[in-house]
Amino acid sequence: MDEEYDVIVLGTGLTECILSGLLSKEGKKVLHMDRNDYYGGESASLNLTQLYRKFRPDQAPPSELGRDRDYAVDLVPKFIIASGELTRILVHTEVTRYLEFKQIAGSFVYRDGRISKVPSTEMEAVKSPLMGLFEKRRAKKFFEFLQNWKDEDPSTHQGINLDKDSMKTIYEKFSLEPGTQDFIGHAMALYLDDDYITKPARATYDRIILYTSSMARYGKSPYIYPLYGLGELPQSFARLSAIYGGTYMLDKPIDEIVTDADGKFVGARSGNETVKAKQVIGDPSYFGAGQNATGKVRVVEEDKVVRAICILKHPIPGTEDSDSCQIIIPQNQVNRRNDIYIAMVSSTHNVCAKDVYIAIVSTVVETDKPELEIKPGLDLLGPIYDKFVSISSQYTPTSDGKADNIFITRSYDATSHFETVVEDVQDVWKRVTGTDLVLAKKDLEVQE
């Protein structure tokens, strides 16, 4: 291979595929390689055979689960927020033409020993058991305050400064009960823990507005999901890259990252072939994540994630027989520091056989018994036909890559949506190109 590329991209996770698609669209000459024979890397969707091969190499999938090709089981459970940043990238790049989306039927929260729906209409809010009558009135005032807020109009501020005052101050101003604060911070602002309460309120305000505008967009829930699983997302960006001249090589082991005498990146070696490029972007596993030989990545000790992929033969009890849903178990309901998430999809999303449901329970690991930590989530599922548990470390680059032209992405975190993935894309884009990523504003069509 004597050709020289502008950028080599290693790994076909969503972050890497978005970047290769965007760079190709900008006119960069991109070569994209992955050691796996499927797209998606850590964020792939696997068929039944691949799923059992990954977790139980010596066991064939049970025949009663149906056909291999009916399955696309996500390794990382995340939903797309309808008005979020990933939606903007999908629309900006027009990869939406390769994808079909369906709504997630409901968003639920676990409180006081029961599952309750996060209200999606005024009517549901009035009936919701999550708050008493007087608390509903206080909450209504709080939400009206947020909806009416205009930065340039001090009369809408009610004496609050979003950039200085904490959420604690705002909750106290509206006399909201701890349970309501919990619901707002975890089920709407989607924080994993309570650290946000003492910080300036601006970020939380932005998150709640994003949630409510996403909810208003299609009703029912703020989330959408691609038919045939999340693995469709990286594949669609790979197509985008190919249209603009990007080259893809799957099933290509990377044996060495080649650098010059100054430690600057010059190429990647696979077997006895070395391909040259000016820059490399890759996921942490290509830079010694695990044994950490290169010193280019480090483990974020406090951010291990435990995930249990569960195959069910029924919808989750207490979710109104929803064909898909998210359930959030706020941390203080189960005496933890971090929330537990449940994401469920089914055959209506073309990810499993009819009458089968895939539920994934996940959380940030806090003890040396990770599987016990997700028990409160597993207990809500009813009988589990089969389950596959994984514990993943979180890796992050040790430098910005500008000195050696080696740009490393971050591992997928415990959040239930893709906003942090897009933050990583924006961050790497700026490091690689020196400019901010600017996106067009258009709308996304979604199946009801």
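Rules used in this analysis
- Residues numbered from 1 in each chain as written.
- Predicted model: local features only at pLDDT ≥ 70, side-chain atom pairs only at ≥ 80, totals over all residues.
- Heavy atoms only, no water.
- UniProt positions renumbered as here; feature names shortened; annotations may be inferred.
- Helix = DSSP H or I, 4+ residues; strand = E, 2+ residues; numbered from the N terminus.
- Rg over C-alpha atoms; globule rule 2.2 N^0.38 Å.
- Contact = heavy atoms within 4.5 Å.
- Areas by Shrake-Rupley, 256 points an atom, 1.4 Å probe, with all protein chains shown as cover.
- Pairing = 2+ DSSP bridges.
- Axes fitted to C-alpha atoms, helices over the stretch in contact; angles between N-to-C directions.
- Salt bridge = Lys/Arg side-chain N within 4 Å of Asp/Glu carboxyl O.
- Buried < 20%, exposed > 50% of the residue type's maximum accessible area, 1.4 Å probe, protein only.
- Parallel < 35°, antiparallel > 145°, perpendicular 65-115°, else oblique.
- Nonpolar A, V, L, I, M, F, W, Y, C, P; charged D, E, K, R; others polar.

As annotated in an unreviewed UniProt entry, the chain carries the name Rab GDP dissociation inhibitor and is attributed to Marasmiellus scandens. Comment text from UniProt for the chain, heading Sequence similarities (unreviewed entry), reads "Belongs to the Rab GDI family."

Looking only at helices and strands, the chain has 12 helices and 21 strands in total. The C-alpha radius of gyration of the chain comes to 22 Å, within 12% of the 22 Å expected for a compact globule of 448 residues. Along the first, second and third principal axes, the C-alpha set of the chain runs to 70 × 60 × 45 Å. The long-range fraction of contacts in the chain, counting pairs at least 24 apart against all pairs at least 6 apart in sequence, stands at 71%. Surface summary for the chain: the accessible area is close to 19400 Å², and the carbon and sulfur share equals 48%.

Turning our eyes to something else, we now look at the sheet that holds strand 6 (residues 101-103). Pairing within the open sheet is antiparallel, and its 3 strands lie in the order 5-9-6. The sheet is open, and its two edges are formed by strand 5 (80-81) and strand 6, each paired on a single side. The sheet contact formed by strand 5 and strand 9 (residues 223-226) spans 2 bridges and is antiparallel. If you follow isoleucine 80 over to strand 9, its bridge partner there is isoleucine 224.

Overall, mixed pairing links the 7 strands, which are arranged 8-7-16-17-18-15-19 in an open sheet. Across the chains shown, the open sheet's two edge strands, defined by having one partner strand only, are strand 8 (114-117) and strand 19 (386-392). Direction aside, the axes of adjacent strands within the sheet are offset by 20 degrees on average. Relative to strand 18 (residues 357-364), strand 15 (residues 305-312) is paired through 8 bridges, and the arrangement is antiparallel. Considered in strand 18, the bridge of valine 305 is made with valine 364. Packing against the sheet, helix 2 (residues 48-55) makes contact with strand 15 and strand 19, and its axis sits at approximately 55 degrees to strand 19.

Moving on, we get to the pattern of salt bridges. The tally for this structure, following the rule as stated, stands at 30 salt bridges. When the shortest N-O distance is used, the salt bridge between glutamate 85 and arginine 88 registers 3.2 Å. In this pair, glutamate 85 and arginine 88 both sit in helix 3 (residues 85-93), 3 residues apart, roughly one turn of the helix. Relative accessible area serves as the criterion here: at 23%, glutamate 85 is assigned to the partly exposed category. Overall, arginine 88 belongs to the partly exposed group, its relative accessible area being 27%. The salt bridge involving lysine 387 is made with glutamate 371; its shortest N-O contact spans 3.4 Å.

Further remarks concern the packing of helix 3 against helix 12 (residues 419-433). Packing of helix 3 against helix 12 brings their axes to within 8 Å, and their N-to-C directions diverge by 60 degrees. Judged on the interaxial angle alone, helix 12 and helix 3 are oblique. Residues Glu85, Leu86 and Ile89 of helix 3 form the contact with helix 12, whose participating residues are Glu419, Val422, Val425 and Gln426. By residue class, the composition of the contact of helix 3 with helix 12 is 4 nonpolar, 1 polar and 2 charged.

Our next topic: the pairing of strand 18. Of all the 8 residues making up strand 18, 8 are buried; the element is thus mostly covered by neighbouring parts of the structure. The side-chain alternation of strand 18 yields two buried faces, one formed by Tyr357, Ala359, Val361 and Thr363 and the other by Ile358, Ile360, Ser362 and Val364. Pairing of strand 17 (residues 340-346) with strand 18, which is carried by 7 bridges, proceeds in the antiparallel orientation. Residue isoleucine 342 lies in a different strand from strand 18, and its bridge partner there is valine 361.

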